[in-house]
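The primary structure of each chain is shown beneath.
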Amino acid sequence: MDYVPHSQIPGHKIKQTGAVSLKGIKKQFNFKDRELKVLSEFSLDVQPGEFVSIVGPSGCGKSTLLRLIAGLDDTYDGTIALDGQRVAGTSLERGLVFQDHRLFPWMTLEDNIALALTNRQISKDAKAKLVADHIALVGLKGFEKAFPHQLSGGMAQRAAIARSLVNEPKVLLLDEPFGALDALTRVHLQGELQRIWLAQGSTMIMITHDVEEALYLGDRVVVMQANPGRITHTVDVNLPHPRDRASPVLHKLKDEILAELTNVPEPSNPIVRLIKGDDQ
Amino acid sequence: MKPDLKLILSVGSPLLLLIVWQAVTAFKLFPPEVLVSPTAVIAAFGEVITTGELQRHLSESLTRLAGGFTTGASLGLLFGLALALSKTVERVFGPTFQALRQVPVLAFIPMLILLLGIDEVFKIVIIAKAAFFPVALAAYDSVKGVPKSYFEVSSLYRAPWWVLISKILIPATIPNILAGVRLSLTRSWLVLVAAELIVADSGLGQMMEMGRQMFRLDIVMVGVIVAGVIGFALDRLFQLLQAHALRWKTA
Ligand SMILES: Nc1ncnc2c1ncn2[C@@H]1O[C@H](COP(=O)(O)OP(=O)(O)O)[C@@H](O)[C@H]1O
Ligand SMILES: [Mg+2]
């Protein structure tokens, strides 16, 4: 099958902005008197409007990477640029959705979303319209006055997505956004996210531990390994959106990625090396 | 069915206490100089109300409470916030604060009498001291306890500092601060009555002390009951205020 650039997929808005460029990112935490190398020479270029999924073992630095892109952490080596501009601190151009919804429990759904607009110099009416539009976008019409504890996990996560999109960021970062949801809700929200992405056209970088989800949504799937966190493999998924989950291509790619994720020699762990001794 | 049972029990238990009390005095199990009968107390109630004595003492006490409590709680709030928000304040005052709050308020009475005499200022100071610590501690703990994730969300959306304070920090800390204020309110009342028993020329505690000196145990009992009812009412009123402030929790 030929590669179909996402920008040529029918129905997908063509975007000129939202190119994310990561060059030689190095990140370490100083833990007591020990240095913990979390990311090493991490480089990745994401095209405007592209959907990139990142999978990798837990602790390989995926969340750390997104926090760097979002600007929540500024201590690293290398460069992170959005449309050629080096990022500094947080910005409304870069949205972030966490695994937990992080809605404020004392605010109604619409107040939670409106909080994201407190730094925007637009009229009250314009703000109200943005909030209403984004509540509708994630299918939560009728729940404007609900408090987070009155929403199901899936609804709360949708609200979190609405909040992160209300500023129409050039790039949306998603850190295991469906990781805490049950399987059915997850499948449903994957479809929703795809619809939103097709309608909105912003660049998306999503971390997930679900390889199937990564392949179903991503134009590209980046596979990471730990110690230190780095890219070991990139898989192009040359299938038009929306995709058929039963596609044999997806299944083949899934098997490949799973094999890579589960069959990596771990030089740091002598026991694993011993058990896996025959294969090497 | 269940709420009815609860109601019967909550009305019934004080009623039962009253009946036992009446029975004990009717059978003269204790000499009347030690335990007076409920009917005598009711009579004394009528007496102190018609003479206006009760109203006068009570309004003295409540004025004192208002002054001392408001001063102490406001200072406690400001101090607790400063302690939580400033590293310098924490380093300078932290250890003293932690040590002083372990000293019972009443232990300060002798020292304060020497310093301030037994005038109005002394009473205000002693109540303020009682009100100060629970509020300061609650403010400190609750600000320290605001999750990092709240600051991160605020930073992601570049919320201005006044939004961070008014829409995030205050709502996040208000439940614990209100709990601290409530504790300090009831504490202040207890300390006030106790302080008036020891040194005062007016107030509910003083009314009881005078009653004791004149062997009017019925008046002492009136004081005990009024002190209890006022404490209970203050706590309940504050609970209502708390429930109103936190109505999003139950909405
Ligand atoms: N603030 C921090 N201080 C010290 N170590 C951290 C901090 N945040 C993350 N780490 C460490 O960095 C590594 C990568 O963490 P993370 O990015 O959360 O991994 P992932 O999201 O891939 O599971 C882990 O070993 C974690 O313990
Ligand atoms: Mg993570």
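What you are looking at is a predicted structure, and each value in this text was computed from that prediction instead of being measured. (Residues numbered from 1 in each chain as written. Chains lettered and ligands numbered in written order. Predicted model: local features only at pLDDT ≥ 70, side-chain atom pairs only at ≥ 80, totals over all residues. Heavy atoms only, no water.)

Chemist: I would appreciate a short explanation of the overall build of chain B in the present structure.
Modeler: Along its length, chain B carries eleven helices and zero strands. When the helices and strands of chain B are listed from N to C terminus, the series reads α-α-α-α-α-α-α-α-α-α-α. A compact globule built from 251 residues would reach a C-alpha radius of gyration of about 18 Å, whereas chain B, at 23 Å, exceeds it by more than 25%. Along the three orthogonal principal directions, the C-alpha set of chain B runs to about 75 × 60 × 30 Å. Within chain B, the fraction of its 251 residues that count as buried is 41%. Entry remark: accessible area of chain B is about 14200 Å², with carbon and sulfur atoms responsible for 73%. A gap of 14 Å separates the mean positions of the 21 positive and 15 negative side-chain charges of chain B. (Helix = DSSP H or I, 4+ residues; strand = E, 2+ residues; numbered from the N terminus. Rg over C-alpha atoms; globule rule 2.2 N^0.38 Å. Buried < 20%, exposed > 50% of the residue type's maximum accessible area, 1.4 Å probe, protein only. Areas by Shrake-Rupley, 256 points an atom, 1.4 Å probe, with all protein chains shown as cover. Lys, Arg positive; Asp, Glu negative; His and termini not counted. Charge placed at Lys NZ, Arg CZ, Asp CG, Glu CD.)

Chemist: Any chance you could explain the packing of helix α4 (residues 87–100) of chain B against helix α6 (residues 120–144) of chain B here in plain terms?
Modeler: How two helices sit against one another is set out by the angle between their axes and by the gap between those axes. Residue and element names in this part refer to chain B. Contact geometry for α4 and α6: axes closest at 12 Å, N-to-C directions at 130°. As the angle between them shows, α4 and α6 are arranged oblique. Crossing hand, α4 versus α6: left-handed. Between α4, through E90, F97 and L100, and α6, the contact on the second element is made entirely by K129, F132, F133, A136, L137, Y140 and K144. Across the contact of α4 with α6, the residue classes break down as seven nonpolar, no polar and three charged. (Axes fitted to C-alpha atoms, helices over the stretch in contact; angles between N-to-C directions. Parallel < 35°, antiparallel > 145°, perpendicular 65-115°, else oblique. Left-handed = near helix turned anticlockwise from the far one by under 90°. Contact = heavy atoms within 4.5 Å. Nonpolar A, V, L, I, M, F, W, Y, C, P; charged D, E, K, R; others polar.)

Chemist: Teacher, can you tell me more about the site of ligand 1 here?
Modeler: Residue and element names in this part refer to chain A. As a matter of local geometry, ligand 1 sits amid F29, F31, L36, V38, S58, G59, C60, G61, K62, S63 and T64. In the environment of ligand 1, an oxygen atom lies 3.1 Å from a nitrogen or oxygen atom belonging to the backbone of G61. In the model, an oxygen atom of ligand 1 is placed 2.7 Å from a nitrogen or oxygen of the S63 side chain. For ligand 1, whose unbound accessible area comes to 560 Å², protein coverage reaches 61%. At the level of elements, β1 (20–31), β2 (34–46) and α1 (62–70) are the ones that each hand at least two residues to the shell around ligand 1. Of all the elements, α1 adds the most residues to the shell around ligand 1, at three residues. Each residue belonging to the shell around ligand 1 can be placed in one class, and the counts come to five nonpolar, five polar and one charged. (Near = heavy atom within 4 Å. Polar contact = N/O pair within 3.5 Å; in protein donor to acceptor, adjacent residues only side chain to side chain.)

Chemist: When you look at the packing of aromatic side chains in this model, what are you seeing that I'm missing?
Modeler: Taken as a whole and assessed by the stated rule, the structure comprises ten aromatic pairs over all chains. Measuring from ring centre to ring centre gives 5.6 Å for W106 of chain A and Y150 of chain B, while their planes differ by 85°; the resulting arrangement is edge-to-face. Of this pair, W106 of chain A sits in the loop between β6 (94–97) and α2 (109–115) while Y150 of chain B is found in helix α7 (residues 148–156), placing the two residues in two different chains. Pair check on accessibility: W106 of chain A and Y150 of chain B agree, each one buried. (Phe/Tyr/Trp six-rings, centres within 6.5 Å; stacked < 30°, edge-to-face > 60°.)

Chemist: Hey, could you run me through the packing of helix α8 (residues 161–198) of chain B against helix α10 (residues 217–245) of chain B in this one?
Modeler: All names here are of chain B. As a packed pair, α8 and α10 sit with axes 10 Å apart at the nearest point and diverge in direction by 170°. Judged on the interaxial angle alone, α10 and α8 are roughly antiparallel. Where α8 abuts α10, its residues P175, L178, A179, V181, R182, L185, T186, W189 and V193 lie against A227, I230, G231, L234, D235, F238, Q239, Q242 and A245.

Chemist: Sorry if this is basic, but what is going on with the interface of chain B and chain A here?
Modeler: Frequently, the measure chosen for interface size is the accessible area that the parts lose on association. The interface of chain B with chain A comprises 19 residues on the first partner and 23 residues on the second. In this assembly, chain B packs against chain A so that about 2100 Å² is buried in total across both faces, 65% of it on carbon and sulfur atoms. Interface area lost by chain B to chain A is led by L156, Y157 and W248 of chain B, which between them contribute 38%. Our count for the contact surface shared by chain B and chain A stands at two salt bridges. Linking chain B with chain A are six residue pairs in polar contact (both at pLDDT 80 or more), by the criterion used here. Listing elements by their share of the side of chain B that touches chain A, those giving two or more residues are α7, α8 and α11 (247–250) of chain B. Tallying contributions element by element places α7 of chain B first for the side of chain B that touches chain A, with seven residues. Class assignment of the residues belonging to the side of chain B that touches chain A gives a composition of twelve nonpolar, two polar and five charged. (Buried area = accessible area lost by both parts, 1.4 Å probe. Salt bridge = Lys/Arg side-chain N within 4 Å of Asp/Glu carboxyl O.)

Chemist: Just to check I follow, could you spell out the pairing of strand β4 (residues 77–82) of chain A for this structure?
Modeler: On a regular strand, each side chain points to the face opposite its neighbour's, so the side chains alternate between the two faces of the sheet. Residues and elements named next belong to chain A. Both β1 and β4 contribute to a ladder of five bridges, which runs antiparallel. Opposite K26, over in β4, you have D77 as the bridge partner. Relative to strand β5 (residues 85–86), β4 runs antiparallel, the two sharing two bridges. Bridge pairing links L82 to Q85 in β5. Hairpin connection of β4 to β5: two residues between the antiparallel strands, including D83 at a positive phi of 50°. (Pairing = 2+ DSSP bridges.)

Chemist: I'm lost on the domain arrangement of chain A in this one. Help?
Modeler: Residues and elements named next belong to chain A. When cut into domains, chain A gives domain 1 (12–93 + 171–276) and domain 2 (100–168). Each partner contributes to the interface: domain 1 provides 13 residues, whereas domain 2 provides 14 residues. Of the roughly 1200 Å² buried between domain 1 and domain 2 on both sides combined, carbon and sulfur atoms contribute 67%. When residues of domain 1 are sorted by the area they lose upon contact with domain 2, L92, I196 and Q200 head the list and together hold 41% of the total. Joining domain 1 to domain 2, the criterion identifies one salt bridge. A salt bridge links E192 to R158; the nearest nitrogen and oxygen atoms lie 3.2 Å apart. Residue contributions to the side of domain 1 that touches domain 2 peak at seven residues, all from helix α5 (residues 183–200). (Domains from an automatic or database assignment.)

Chemist: Honestly, the confidence of the model for chain A in this entry has me stumped. Any pointers?
Modeler: Close inspection of predicted coordinates is inappropriate for parts of the model with low pLDDT. Residues and elements named next belong to chain A. Of the residues in chain A, 89% reach a pLDDT of 70 or more, and the chain-wide mean stands at 89. Predicted confidence is poor over residues 1–5, with pLDDT under 50, and the contacts of this stretch with residues over four places away or in other chains come to five contacts. Ignoring residues within four places in sequence, the model shows residues 269–280, a span with pLDDT below 50, making eight contacts including any to other chains. (pLDDT = per-residue confidence, 0-100.)

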